[in-house]
Amino acid sequence: MAANFWASTHGQYWMLDEAALRKSRETDLKYLKEIELAKIRGEDVYCFVLNLTSWFLYLVIAALGRRLNVRQVIIATAITYFKRFYTKNSYKNTDPYLVAATCMYLACKMEEFPQHIKSVILEMKNVTADQGGFGYDNQKVAEMEFYLLEELEFNLIVYHPYRTLKTLAIDLGQKSDVIQRAWHIVNDLFRTDICLVYPPYMIAIAAVGFVIMIKEARANHNGIDTRTRKGNGSVGGVGSGSRNEGRGISGIKELKQWFSGLQVDMEKVLEIIRNIKNLYSQWREVNEIKAQDVLRKLREAQNKS
Amino acid sequence: MSTDKKTKSPRSFHSGSTSSFTDDRGGDSGKARAGESAAFGGDNVLDTLMPLTVGDNSSPAYAPTSDGDKLRTRAGGDTSPYVPNSAEAYHHGGLASDKFADYPDHTFTGCSPIEDYRILEKLGEGTFGEVHRGTHERSGNQVALKRILMHHEKEGVPITAIREIKILRQLDHENVVSLTDMAIKFSNATDETGETQPPSIYMVFPYMDHDLAGLLENPSVKFSEAQIKCYLKQLLDGTNYLHQQKILHRDMKAANLLINNRGILKIADFGLSRPMVDKTLTGCVVTRWYRPPELLLGEKRYTTAIDMWAVGCVFAEMLKGGPILMGRSDMDQLDLIFDLCGGPTEESMPGWKDLPGCKDVQFGKAHIRRVKDEYERYGKQAADLLDKLLVLDPKKRLTAFNALEHSYFWTYPKPASPRELPKYESSHEYDRRKLKMSQAEHHHNNHHYDNVPPSPNANVDIENSRYRNREHRTKKRERSRERDRVDDLKLLDIETANFTLMDELSNRE
């Protein structure tokens, strides 16, 4: 079913902006301030901690997905459901683990790869074994599904950048390392809220742009003139795979030319590329223990109320 | 979004399409590249990209694919008016829907509290759930509310329902029913064991005055030839659209074709439909009377041709004024088909001997194909079209697209325009069924009104639902097979009487 993204509910109702996302975190932020005022200061720190939490929950969902042996698209759908749900709810008031398991369960059904509700719960128990466990039975998950469906307003069809990457791969050649790398970057981007803010095809293009950028930076670093065609494709041992493709584009100059020929809002794409950069610069700071700690506090608060 | 824009696109993206990328399977590969990109971090990296953005736009190297179209048509502009800017915009789509005024067909409102609707009398019932008439409290619009039945409540919302919602949300055609809203009812009531009942989910559709089966059974309704052409044309238009969208309906029948008093026909009930895939599917689809020979013979790799057989049956039903092939069992159904369409031979149905179900078939006598002779009296063109639809070989059966080209639609009398068609008092198949039930009641006093048995629906979709109890399923199938063999059936045993009961009922009369 080739449908139009802009006519879909994803394009119509689920393109949010940063302000909306910030607003959706208010309850959690307020609570964190209450309990941890003495320890951490500053709004940004709280935001960072919450982003960290969302990063950590990505890992939980991805781990669950891998245990269930589902495709990347299903993981991406589950994470998008999860993020959409938490634009309207707070971690403090709903257990993110329950929501995560339910999102995965629903995403599997939605993407025609149904899983037994019990195996989702079982794997969720395994994944969360060292993080306080998962104490829900199928009835609870089934009930949660209703709330999830309600919060998602039955907008279940989610578009992902992978599809655009496949289309771009026609230009670049199926084996193009650019696409491969962009694919990995798109996977990584589900750690952030980017999928809620930008249209998926822009995310895909930005990921490709980022890869080209890195390639060029590396080539410059190695002191090779990118303006000459000679020896371009094999810089740093990459790009050689696409040479045999015939239609593939591999030289940096050609790649840049091809990229600038894409008719897309480049301002937005640059914004996303900045986000990608942020993501990777944060990578080292991410502290899973800290995230677990925050998450535990939020979950405790929920048990109290 | 115009429909032909969608249908023209050569590339279809399935959620499950295979990928050439090795990392498709849940790979979490970020860590390696994190270091790599960090090494090139810093603002200068961004700067290096800037030249990219000021490159020449004159020669877009972008491949003209459907995704590419999107980039061109939408992203070519500098701003996107489609991004709601306020936090409220996305919450209930209210703001957003104003912005999307250029998409008049996309009126889906998301999810409403059930209190927004007043639920009125029951319009229909089956394995899929119940349909009630209702009104939208604020607008006063008439709607049909279909409640999703929870067969396995501990498994949550059935995948068939998810599939139905997913498919309906992606469809947009005049002759396909449109899902306008969803509503959830959280009940506080408890059952005998003290457990709270699971919530109910309702799908909301615009109200349609009739279904085709109800109209045909209504003795005061007589279709003119132009009217039949008008309905059939709409049916084929809708079916063609579905098949172009790569959707198999799998339960095409007169009772699932809704008609309103503006003469518009809409294909409804997507409870069994699914996207086309190249793999084996369940054979437990399509109500028996409309089931094509290949399904009855056990074909598991069927195509859109199964819907076209049913369209042929509906067409003949409109001509004749009632269902044409009312088999009492699957075997009987095959007998009736071969009696009308001739027996299967290597020529009329290549490969039929390899189908798993054929060994059970006994052929008493050789049949001669007599579709044309039988329906000649309804017109030469009509008989010819029907003759090309009710074809044993699914590969030679007319497609919806080709059927629309048939001269039947281009000879006198021309298809009526929907507006000219007569208006009728609301007629639903279910009303007729209730009537029959109350007649049957005289013979079976142990039966209750509200336990009206389901219509001859196809069995619930079972593929992919490997989590269902297999044993139970096989037993159930065996039981229904057994029942098929028995001629004189009891009216009871509602639980397992999915598609046999109504057949029996109709045969009683």
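Residues numbered from 1 in each chain as written. Chains lettered and ligands numbered in written order. Predicted model: local features only at pLDDT ≥ 70, side-chain atom pairs only at ≥ 80, totals over all residues. Heavy atoms only, no water.

- An unreviewed UniProt entry annotates chain B as 5840_t:CDS:1 of Paraglomus brasilianum.

- Chain A appears in an unreviewed UniProt entry as 4433_t:CDS:1 from Paraglomus brasilianum.
- One UniProt comment on chain A, placed under Sequence similarities (unreviewed entry), says "Belongs to the cyclin family. Cyclin C subfamily."
- Among the UniProt annotations of chain A, the heading Subcellular location (unreviewed entry) holds the following wording: "Nucleus". (UniProt positions renumbered as here; feature names shortened; annotations may be inferred.)

## Quick word on the overall build of chain A
Line of reasoning, step 1. Broken down by element type, chain A carries 15 helices and zero strands.
Line of reasoning, step 2. Out of the 305 residues in chain A, the part that is buried amounts to 68%.
Line of reasoning, step 3. Within chain A, residue pairs in contact and separated by at least 24 positions form 77% of the contacts whose partners lie at least 6 positions apart.
Line of reasoning, step 4. Summing over all exposed atoms, chain A offers an accessible surface of approximately 10,800 Å²; the carbon and sulfur share of this is 48%. (Helix = DSSP H or I, 4+ residues; strand = E, 2+ residues; numbered from the N terminus. Buried < 20%, exposed > 50% of the residue type's maximum accessible area, 1.4 Å probe, protein only. Contact = heavy atoms within 4.5 Å. Areas by Shrake-Rupley, 256 points an atom, 1.4 Å probe, with all protein chains shown as cover.)

## So, the overall build of chain B
Line of reasoning, step 1. When helices and strands are tallied, chain B shows 18 helices and 11 strands.
Line of reasoning, step 2. Here chain B holds 509 residues, and 55% of them are scored as buried.
Line of reasoning, step 3. In chain B, 67% of the contacts between residues at least 6 apart in sequence involve partners at least 24 apart.
Line of reasoning, step 4. If you sum the accessible surface of chain B, you get close to 23,500 Å²; carbon and sulfur atoms cover 50% of it.

## Overview of the sheet that holds strand β9 (residues 257–259) of chain B
Residue and element names in this part refer to chain B.
Line of reasoning, step 1. Strand order across the open sheet formed by three strands is β7-β9-β10, with antiparallel pairing between neighbours. In the strand order of this sheet, the two ends are held by β7 (210–211) and β10 (265–267), each with one partner.
Line of reasoning, step 2. As defined by bridge partners, β7 adjoins β9 across two bridges and the pair is classed as antiparallel. Looking at the pairing, Asp-211 lines up with Leu-258 of β9.
Line of reasoning, step 3. Packing of helix α9 (residues 225–244) onto the sheet brings it into contact with β9 and β10, and relative to β10 it is tilted by some 30 degrees. (Pairing = 2+ DSSP bridges. Axes fitted to C-alpha atoms, helices over the stretch in contact; angles between N-to-C directions.)

## A few points about helix α9 (residues 161–172) of chain A
Residues and elements named next belong to chain A.
Line of reasoning, step 1. If you check α9, its first and last C-alpha atoms are 16 Å apart, about what 12 residues at 1.5 Å a residue would give, namely 16 Å.
Line of reasoning, step 2. In terms of burial, α9 is a largely internal element, 11 of the 12 residues being buried.
Line of reasoning, step 3. Those residues of α9 lying buried are Pro-161, Tyr-162, Arg-163, Thr-164, Leu-165, Thr-167, Leu-168, Ala-169, Ile-170, Asp-171 and Leu-172.
Line of reasoning, step 4. Residue Gly-173 follows α9 closely and has a positive phi angle near 95 degrees. (Expected span 1.5 Å × (residues − 1).)

## Quick look at helix α8 (residues 138–151) of chain A
Line of reasoning, step 1. In this model, α8(A) (14 residues) spans 20 Å end to end at C-alpha, consistent with the 20 Å of a helix rising 1.5 Å per residue.
Line of reasoning, step 2. Listed as buried for α8(A) are Asn138(A), Val141(A), Ala142(A), Met144(A), Glu145(A), Phe146(A), Leu148(A) and Leu149(A).
Line of reasoning, step 3. Its buried side turned inward, α8(A) meets α5 (72–85), α6 (96–110) and α7 (117–127) of chain A together with β5 (181–185) and β6 (200–206) of chain B.
Line of reasoning, step 4. Phi turns positive one or two residues past the end of α8(A), at Glu153(A), with a value near 50 degrees.

## Remarks on the packing of aromatic side chains
Line of reasoning, step 1. All chains considered together, the criterion is met by 13 aromatic pairs over all chains.
Line of reasoning, step 2. A centroid spacing of 5.3 Å and a plane angle of 80 degrees characterise the contact between Phe5(A) and Tyr159(A), whose relative ring orientation is edge-to-face. Note that Phe5(A) is positioned in the segment before α1 (9–13) and Tyr159(A) in the loop between α8 and α9, a separation of 154 residues in sequence. Accessibility classification places Phe5(A) together with Tyr159(A) in one group, the buried group.
Line of reasoning, step 3. With 6.3 Å between their ring centres and 20 degrees between their planes, Tyr162(A) and Phe190(A) make a pair best called stacked. In this pair, Tyr162(A) is assigned in helix α9 and Phe190(A) in the loop between α10 (177–189) and α11 (194–197), connecting sequence segments 28 residues apart.
Line of reasoning, step 4. The class for Tyr162(A) is buried, based on a relative accessible area of 2%.
Line of reasoning, step 5. Between Arg133(B) and the ring centre of Tyr207(B), over which it is positioned, the NZ or CZ distance is 5.9 Å. (Phe/Tyr/Trp six-rings, centres within 6.5 Å; stacked < 30°, edge-to-face > 60°. Lys NZ or Arg CZ within 6 Å of the ring centre and 35° of its normal.)

## A few points about the confidence of the model for chain B
Line of reasoning, step 1. For chain B, the mean per-residue pLDDT works out to 69, and 60% of the residues sit at or above 70.
Line of reasoning, step 2. Per-residue pLDDT stays below 50 along residues 444–509 of chain B; that stretch engages in 140 contacts with residues further than four places along the chain or on separate chains. (pLDDT = per-residue confidence, 0-100.)

## Topic: the side chain of Thr135(B)
Line of reasoning, step 1. Examined against the element boundaries, Thr135(B) turns out to sit in strand β3 (residues 129–136).
Line of reasoning, step 2. Each residue touching Thr135(B), except ones within four places of it in the same chain, is listed here: Asp116(B), Tyr117(B), Arg118(B), Leu120(B), Gly140(B), Asn141(B), Gln142(B) and Val143(B).

## Some points on the UniProt feature "binding site: ATP" (unreviewed entry) in chain B
All names here are of chain B.
Line of reasoning, step 1. Look at the UniProt record and you will see "binding site: ATP" (unreviewed entry) annotated at Lys-146.
Line of reasoning, step 2. Locating Lys-146 in the fold gives a position in strand β4 (residues 142–148).
Line of reasoning, step 3. In this structure Lys-146 comes out as buried when scored by relative accessible area, which is 6%.

## Some words on the pairing of β5(B)
Residues and elements named next belong to chain B.
Line of reasoning, step 1. Within β5, four of the five residues are buried, which leaves the element mostly enclosed by the surrounding structure.
Line of reasoning, step 2. With three bridges connecting them, strand β1 (residues 111–113) and β5 associate as parallel partners. Among the inter-strand pairings, Pro-113 is bridged to a residue of β5, identified as Ile-184.
Line of reasoning, step 3. Of the pairings in the sheet, the one linking β5 to β6 comprises five bridges and is antiparallel in character. For Ala-183, the partnering residue across the bridge sits in β6 and is Tyr-202.

## Some details on the UniProt feature "transmembrane region" (unreviewed entry) in chain A
Line of reasoning, step 1. Under the feature "transmembrane region" (unreviewed entry), the UniProt entry names residues 45–65 of chain A.
Line of reasoning, step 2. Along residues 45–65 of chain A the backbone is 100% helical and 0% strand, and the end-to-end C-alpha distance reaches 30 Å.

## Let's talk about the pairing of β3(B)
Residue and element names in this part refer to chain B.
Line of reasoning, step 1. Extensive coverage of β3 is indicated by the burial of seven of its eight residues.
Line of reasoning, step 2. Summarising the sheet, β3 and β4 pair through seven bridges and their orientation is antiparallel. Within the sheet, the bridge partner assigned to Arg-133 lies in β4 and is Ala-144.
Line of reasoning, step 3. Where β3 folds back on β4, the antiparallel hairpin that results is connected by five residues, among which Gly-140 adopts a positive phi of roughly 75 degrees.

## So, the environment of Ser273(B)
Residues and elements named next belong to chain B.
Line of reasoning, step 1. Residue position: Ser-273 is located in the loop between β10 and β11 (274–275).
Line of reasoning, step 2. The sequence separation of Ser-273 and Leu-248 amounts to 25 residues, and the corresponding C-alpha distance is 5.4 Å.
Line of reasoning, step 3. For Ser-273, the contacting residues outside a window of four places in its chain are Arg-163, Ile-167, Ile-247, Leu-248, His-249 and Arg-250.
Line of reasoning, step 4. There is a polar contact of 2.9 Å between the side chain of Ser-273 and the backbone oxygen of Phe-270. (Polar contact = N/O pair within 3.5 Å; in protein donor to acceptor, adjacent residues only side chain to side chain.)

## Section: the packing of α9(A) against helix α12 (residues 200–221) of chain A
Between two packed helices, the angle of one axis relative to the other and the distance separating the axes together describe the packing.
Residues and elements named next belong to chain A.
Line of reasoning, step 1. It is the contact of α9 with α12, at a shortest axis distance of 7 Å, that shows an interaxial angle of 55 degrees. Judged by the angle between their axes, α9 and α12 are oblique. As for how α9 packs across α12, the hand of that crossing is right-handed. Between α9 and α12, the contacting residues are Pro-161, Thr-164, Leu-165 and Leu-168 on the first element and Pro-200, Tyr-201, Ile-203, Ala-204, Ile-205 and Val-208 on the second.
Line of reasoning, step 2. Considering only residue class, the contact of α9 with α12 consists of nine nonpolar, one polar and no charged. (Parallel < 35°, antiparallel > 145°, perpendicular 65-115°, else oblique. Left-handed = near helix turned anticlockwise from the far one by under 90°. Nonpolar A, V, L, I, M, F, W, Y, C, P; charged D, E, K, R; others polar.)

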